[in-house]
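Working through the structure, step by step
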Amino acid sequence: MSGGTTEYTIADDGSFTAPLELFYPYKRTVGPLLSRFLTGLREHRIEGTLGSDGRVHVPPAEFDPMTGEPLSEWAEVSSTGTIVTWSWQPSPVEGNTLQHPFAWALIALDGANTNLLHAVDAGSADAIRTGMRVQARWATEPVGSITDIECFELVPESAA
Amino acid sequence: MSDDVLRIRTPIGIKYQYSAGPRVSSHLIGLMEGRFVGKRCPSCHLVYMPPRNGTCAKCGCLLGEDVEVGQRGTITTFCVVNVPFLGQTIKIPYVAATILLDGADMGMQHLIQEVEATEVRMGMRVEPVWRPREEWQPSMENVLYFRPTGEPDAPYESYAGQL
């Protein structure tokens, strides 16, 4: 943890105000399943785990939601999918992959039975709606992270 | 396989705009000027340095006037840290002590350096070593550590009430 401040103000009544940033530079191991998932993303491949009921979990579930057993079978899914629901983010914050207004969306990738939360570069809130088709836009410098998908972009209706 | 992703960075940062309020402000402003400013309880007259959240732990009332206490102080009690831990930046063994600054009635915690851990004792007189002035912030971290002054030890009676 670190913290600090350089700019401050002292009001007429003598009260002191300053920016205070708490920062935790966490680094963690990901375990075997997320390792495979993230390594796949780095190679532009999206994989999920296959549950005992035949459902494909993306991002991968480490344990079967039905039986609690560890999951080890994999299924590759498409980098194209459908918006299940979305919410507009008018003012991006530090760390967002897009630094202009975008949508957060739950995306059902083709071949997956769960939804993936990611950013959709839709331009404006008027341009996006549930049911639209989207495709992954890959980051130019993949590092093995969920942000290797920079965002999803709308698939033109004619192409869908 | 050896090239697989095994770990990820997940930094978390939170940016606050911190307002100290009138009862702690003078303490923080004092630190930026290299001074230790505490506050006196108007009821029991104890001097708090630092002034906690601006209230007296004993009386529950709001602390009153500012009191600048001395730079030097007395070690009332201490702990020798022998255990290494993740993120440790100080060479072990080192001493964390409760220091009663001259004129204060409450001890504060700080690091003791420039002395062997085995030499540190209750009643030892210490003084702060400040960072270079250009690095000063509204923080007790302006003081790198305390070190012995070489004065004779404070008599036990002078800090017995702190233990």
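Coordinates for the structure precede this section.
This text gives an overview of the structure that appears in the document. The shown structure was predicted, so the numbers you read here are calculated from the model rather than taken from an experiment.

1. Concerning the overall build of chain A
A tally of regular secondary structure across chain A gives one helix and 11 strands. Traced from its N-terminal end to its C-terminal end, chain A shows the element sequence β-β-β-α-β-β-β-β-β-β-β-β. A buried classification covers 24% of the 160 residues belonging to chain A. Taking as baseline every contact in chain A between residues at least 6 positions apart, the subset at least 24 positions apart corresponds to 43%.

2. Focus on the overall build of chain B
Helices and strands together make up the secondary structure of chain B, namely one helix and 10 strands. In chain B, the order of α-helices and β-strands from amino to carboxyl end is β-β-α-β-β-β-β-β-β-β-β. Split into buried and exposed, the 163 residues of chain B put 28% on the buried side.

3. With respect to the nonpolar core
Core analysis: the largest hydrophobic core is formed by 27 residues, its most contacted members being A:Val58, A:Ile83, A:Ile107, A:Leu109, A:Val120 and A:Phe152. Of all the secondary structure elements, the ones that give two or more residues to this core are helix H1 (31-42), strand S7 (80-89), strand S8 (102-109), strand S9 (115-121), strand S10 (133-138) and strand S11 (149-154) of chain A. Sorting elements by how many residues they give to this core places S8(A) first, with five residues. Each residue touching A:Ile83, except ones within four places of it in the same chain, is listed here: A:Ala105, A:Ile107, A:Val120, A:Thr130, A:Gly131, A:Met132 and A:Val134. B:Val47, B:Met49, B:Ile99 and B:Tyr159 belong to the second largest nonpolar core, which has 22 residues in total.

4. Section: the interface of chain A and chain B
Counting residues at the interface gives 28 residues for chain A and 25 residues for chain B. Those elements giving two or more residues to the side of chain A that touches chain B turn out to be strand S2 (16-24), strand S3 (27-29) and H1 of chain A. Here the side of chain A that touches chain B gets nine residues from one element, more than from any other, and that element is S2(A). A breakdown of the residues in the side of chain A that touches chain B according to their chemical character gives 13 nonpolar, 10 polar and five charged. For S2(A) and strand S2 (residues 12-19) of chain B, the ladder comprises eight bridges, and the chain directions are antiparallel. Considered in S2(B), the bridge of A:Pro19 is made with B:Gln17.

5. Description of the sheet that holds strand S5 (residues 56-57) of chain A
Overall, antiparallel pairing links the three strands, which are arranged S5-S4-S6 (chain A) in an open sheet. Of all the strands in the sheet, the pair left with one neighbour each is S5 and strand S6 (74-77) of chain A.

6. With respect to the sheet that holds strand S4 (residues 47-48) of chain B
To summarise the sheet geometry, strands pair through backbone hydrogen bonds and adopt either a parallel or an antiparallel arrangement. All names here are of chain B. Taken in spatial order, the three strands of this open sheet run S4-S3-S5, and their pairing is antiparallel. Across the chains shown, the open sheet's two edge strands, defined by having one partner strand only, are S4 and strand S5 (66-68). Of the pairings in the sheet, the one linking strand S3 (residues 37-40) to S4 comprises two bridges and is antiparallel in character. From the neighbouring strand, Arg40 faces S4, where its bridge partner is Val47. Contacts from helix H1 (residues 22-32) reach S3 and S5, with the element oriented near 155° to S3.

7. Describing unusual backbone geometry
In terms of backbone geometry, most residues other than glycine have negative phi values and most peptide bonds are trans. In this model, A:Val58 is joined to A:Pro59 through a cis peptide bond whose omega is 0°. You can see A:Pro59 is positioned in the loop between S5 and S6. Non-glycine residue B:Arg52 carries a positive phi angle of around 45°. For B:Arg52, the location among the structural elements is in the loop between S4 and S5. Owing to 16 C-beta atoms within 10 Å, B:Arg52 belongs among the partly exposed residues under this scheme.

Parameters and conventions
Numbering of residues starts from 1 in each chain and follows the order in which that chain's sequence is written. Chains carry letters from A onward and ligands carry numbers from 1 onward, assigned in written order. Note on the predicted model: pLDDT of at least 70 is required for a residue's local features to be given, and 80 or more for side-chain atom pairs to be given and counted; whole-chain, interface and lining totals, by contrast, use all residues. Numbering of helices and strands runs from the N terminus; a helix is a DSSP stretch of H or I covering at least four residues, while a strand is a stretch of E covering at least two. Whether a residue is buried, exposed or partly exposed follows from its count of other C-beta atoms within 10 Å of its own C-beta, namely 20 or more, 12 or fewer, or something in between, respectively; the C-beta atoms are built from the backbone. Working definition of a contact: two residues with C-beta atoms, positioned from the backbone, lying within 7 Å. Note on terminology: a nonpolar core is any set of buried Ala, Val, Leu, Ile, Met, Phe, Trp, Tyr and Cys residues joined through C-beta atoms within 7 Å. Lys, Arg, Asp and Glu make up the charged group, whereas Ala, Val, Leu, Ile, Met, Phe, Trp, Tyr, Cys and Pro make up the nonpolar group; the residues left over, Gly among them, are polar. Being paired, for any two strands, means DSSP has found at least two bridges between them. The axes used here are C-alpha line fits, helices contributing only the stretch in contact, and every angle between their N-to-C directions lies in the interval 0 to 180 degrees.

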